[in-house]
Amino acid sequence: MGRQALLMVIGYSLIFLMTGAMMSNSTVDAFNNAMNYYEGNIVREIAISAANMGANYIYVHKPLMNLNPWWPGWTTPVSYNGGTFTVTMDTVQDMYGNWGRIRMTATAHYGDSTYSVSVLYRPSKFSKFCMYAGSMTGVYFEPSDSVFGPCHIESTLNYGNPGGGPMTYGAYFGGKVTTKNGIAALTNPAKLPTFAQGREDGVSVPLSLNTTDLLTKAVSPFSGGELWLQLKGDSVAWKRSKTGTVTTQAISAIAPNGVIAIDKGTLYVQGELSTKLTVASLRSSGSSGGTVIVKDNVTYKTDPRTDPNCKAMLGIVGYGSISIDTTASHNNFTVDGSMYSQTDGIQVVNYDKRPRGNLYVLGGWIGTKIYATSNGTTAGLPVNVTYDERFRVDSPPSFPGTNAYEILAWYE
């Protein structure tokens, strides 16, 4: 028994020694894991804080916009919450090889841990809106209206029923809606519109047109009188009057920066496009010119909704009004592109007299005012605006911007 008791004592002693060692190791591992978790959380929070501070700087100072200087970031380590961070900036190209995007990288250090946050920005363009209205005075969205992309109203969004009777449903908004002054019913009764992607009030995005920038990008801008453009794939036929001599040039030759512009005149446009282009009628001074007339269909050679390789992208910019045709008998229209009117809106000429048809827009409808496009029953062109999803991340060349950057992606 003595020998067996001794062996048992030795055995239990060894077991307790091994168990103690294991428990000690487990305690150390648990402590190390807790410290790593703590450090990981702290360093991540420092990086996120640095990215937010950098984002605020970009929002306030807008590097390379409105003659603002480039901001290199905070390249010298900044002490923060027991650690340090740096913020670096660089310019990057988009998927089409165009410059203008910026990337901010916030890198944090805490103890032995490092963490980075990368944020991609692009200049915000008005082409990101499927519909934009500066004012809705006297007009409103009725039950048959629908907008299937981002929408902004730089005033009050009005809604109601033109017949004045009961409403079973209201207008439909398939994208995010923002307004400056909220919403208002202009008829009684009125059914609240459907905001499928939500609505945010108190947001101001005033129209902004840099005529100098567009005229500069147009290598040889036209001045005064008329400019008639017939788009032909990757070329354009142009003349200076309805009966003038026609000149045909490759778009890459007449518009190497992707912009064709006339200053203090009237632009007429129609045809089919297979590349990126912005056509503009501007008014850099004086009180005349800056108007656009869409004479016939303006379409893309292939449909970007079904052709992932479609490179066509059109912007139609007017300082004044953009008119859809002057011929009352022309009763069906298709416009592929984003239309922007700085001081007026998009109008259907003879809307209350022309045969009833349709106006199909693939892109955007942007203007200070909203006009009636039909008489509601027998004449005019009811509008169907379909959003070009590519405009969420891209825009026609030198299209008017909102003078702000927007975040495209946040990587951690």
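Figured I'd write up the structure that's included with this text. Just so you know, the residues in each chain are numbered from 1, in the order the chain's sequence is written. Per-residue local features are limited, in this predicted model, to residues with pLDDT of at least 70; the limit for side-chain atom pairs, both in listing and counting, is 80 or more; totals at the level of whole chains, interfaces and linings are taken over all residues. Hydrogens and water molecules were not included; the side-chain quantities draw on all heavy atoms of the structure.

## Observations regarding the pattern of salt bridges
Here is step 1: Here, a salt bridge means any side-chain nitrogen of Lys or Arg that lies within 4 Å of a carboxyl oxygen of Asp or Glu. Applying the stated criterion across every chain, the model contains 15 salt bridges.
Here is step 2: Between Lys-276 and Asp-394 there is a salt bridge, with the nearest N and O atoms lying 3.0 Å from each other. Here Lys-276 is found in strand β20 (residues 276-282), whereas its partner Asp-394 is found in the loop between β27 (383-386) and β28 (401-411), with 118 residues between them in sequence.
Here is step 3: Here the salt bridges share partners, and the residues they tie into one network are Arg-44, Glu-45 and Glu-412. The numbering of helices and of strands both runs from the N terminus, where a helix is a DSSP run of H or I of at least 4 residues and a strand a run of E of at least 2.

## Looking at the sheet that holds strand β2 (residues 83-93)
Here is step 1: Only strands that DSSP links by at least two bridges are regarded as paired with each other. Read across the sheet, five strands follow the order β1-β2-β3-β4-β28 without closing on themselves; strand pairing throughout is antiparallel. Of all strands in the sheet, those with a lone pairing partner are β1 (73-80) and β28, marking the two edges. Averaged over all adjacent pairs, the angle separating strand axes in this sheet is 25 degrees, with direction ignored.
Here is step 2: In the sheet, strand β4 (residues 113-125) pairs with β28 via seven bridges, with the strands oriented antiparallel. Residue pairing for β28: Pro-123 is matched across the bridge by Tyr-405. Whenever a helix is involved, its axis is fitted only over the stretch in contact; in every case the axis is a line through C-alpha atoms, and angles between N-to-C directions fall within 0 to 180 degrees.

## A closer look at the packing of aromatic side chains
Here is step 1: By convention, a stacked pair of Phe, Tyr or Trp rings (six-membered ring in the case of Trp) has centres within 6.5 Å and planes under 30 degrees apart, an edge-to-face pair has planes over 60 apart, and any other such pair is tilted. Evaluation of the coordinates by the stated rule reveals 15 aromatic pairs.
Here is step 2: Seen in terms of ring centroids, Trp-74 and Phe-85 are 6.3 Å apart; in terms of plane orientation they differ by 70 degrees. Their pairing is edge-to-face. Placement of the pair is Trp-74 in strand β1 and Phe-85 in strand β2, with a sequence separation of 11 residues.
Here is step 3: On the basis of relative accessibility, which here comes to 28%, the residue Trp-74 falls in the partly exposed class.
Here is step 4: Taking 5.3 Å as the distance between ring centres and 15 degrees as the angle between the ring planes, the aromatic pair formed by Phe-173 and Phe-195 counts as stacked. In this pair, Phe-173 is assigned in strand β9 (residues 172-173) and Phe-195 in strand β12 (residues 194-195), connecting sequence segments 22 residues apart.
Here is step 5: Each member of the aromatic cluster is reached from another via a ring pair, and the members are Tyr-57, Trp-71, Trp-74, Tyr-80 and Phe-85.
Here is step 6: Either the NZ atom of lysine or the CZ atom of arginine qualifies as a charge over a ring when it sits within 6 Å of the ring centre and within 35 degrees of the ring normal. Looking at Lys-62, its charged tip hangs above the ring of Tyr-59, at a distance of 5.2 Å from the centre. Buried, partly exposed and exposed residues are distinguished by accessible area as a fraction of the type maximum, computed with a 1.4 Å probe on protein chains only: under 20%, between the cut-offs, and over 50%, respectively.

## Things to note about the environment of Tyr-172
Here is step 1: Its location among the elements puts Tyr-172 in strand β9.
Here is step 2: The residues contacting Tyr-172, other than those within four sequence positions of it, are Asp-145, Ser-146, Val-147, Phe-148, Thr-194 and Ala-196. Here a residue-residue contact requires only that any non-hydrogen atoms of the pair lie within 4.5 Å.

## Details of the environment of His-152
Here is step 1: Locating His-152 in the fold gives a position in strand β7 (residues 151-153).
Here is step 2: The exposure class of His-152 is buried, given its relative accessible area of 0%.
Here is step 3: Linking His-152 and Ala-133, residues 19 residues apart in sequence, is a C-alpha distance of 6.6 Å.
Here is step 4: Apart from residues no more than four positions distant in its own chain, His-152 is found in contact with Phe-129, Met-131, Tyr-132, Ala-133, Thr-178, Thr-179, Lys-180, Val-203, Ser-204 and Val-205.
Here is step 5: Looking at His-152, its side chain comes within polar contact range of the side chain of Glu-154, at 2.7 Å.
Here is step 6: Within polar-contact distance, the side chain of His-152 engages the side chain of Thr-178 at 2.7 Å. For the purposes of these results, a polar contact is taken to be a pair of N or O atoms within 3.5 Å, where, inside protein, one atom must be able to donate a hydrogen and its partner to accept one; residues adjacent in sequence count only when each atom of the pair is a side-chain atom.

## Let's talk about the nonpolar core
Here is step 1: For this analysis, a nonpolar core means a set of buried residues of the types Ala, Val, Leu, Ile, Met, Phe, Trp, Tyr and Cys, connected via side-chain atoms within 4.5 Å. Ranked by internal contacts, the top residues of the largest apolar core, which has 53 residues, are Ile-260 and Ile-324.
Here is step 2: Examining the composition of this core, we find that four residues originate from one element, strand β21 (residues 291-300), more than from any other.
Here is step 3: Core analysis: the second largest hydrophobic core is formed by 23 residues, Ile-48, Ile-102, Val-119 and Tyr-405 among them.

## Thoughts on the pairing of strand β16 (residues 235-239)
Here is step 1: A large share of β16 lies buried, amounting to five of its five residues.
Here is step 2: On β16, burial covers both faces: Ser-235, Ala-237 and Lys-239 on one face and Val-236 and Trp-238 on the other are all buried.
Here is step 3: Pairing of strand β15 (residues 226-233) with β16 involves five bridges; the strand directions are antiparallel. From the neighbouring strand, Leu-231 faces β16, where its bridge partner is Val-236.
Here is step 4: Adjacent in sequence and paired antiparallel, β15 and β16 are bridged by one residue.
Here is step 5: In this sheet, strand β17 (residues 247-250) lies alongside β16 in antiparallel orientation, the contact comprising four bridges.

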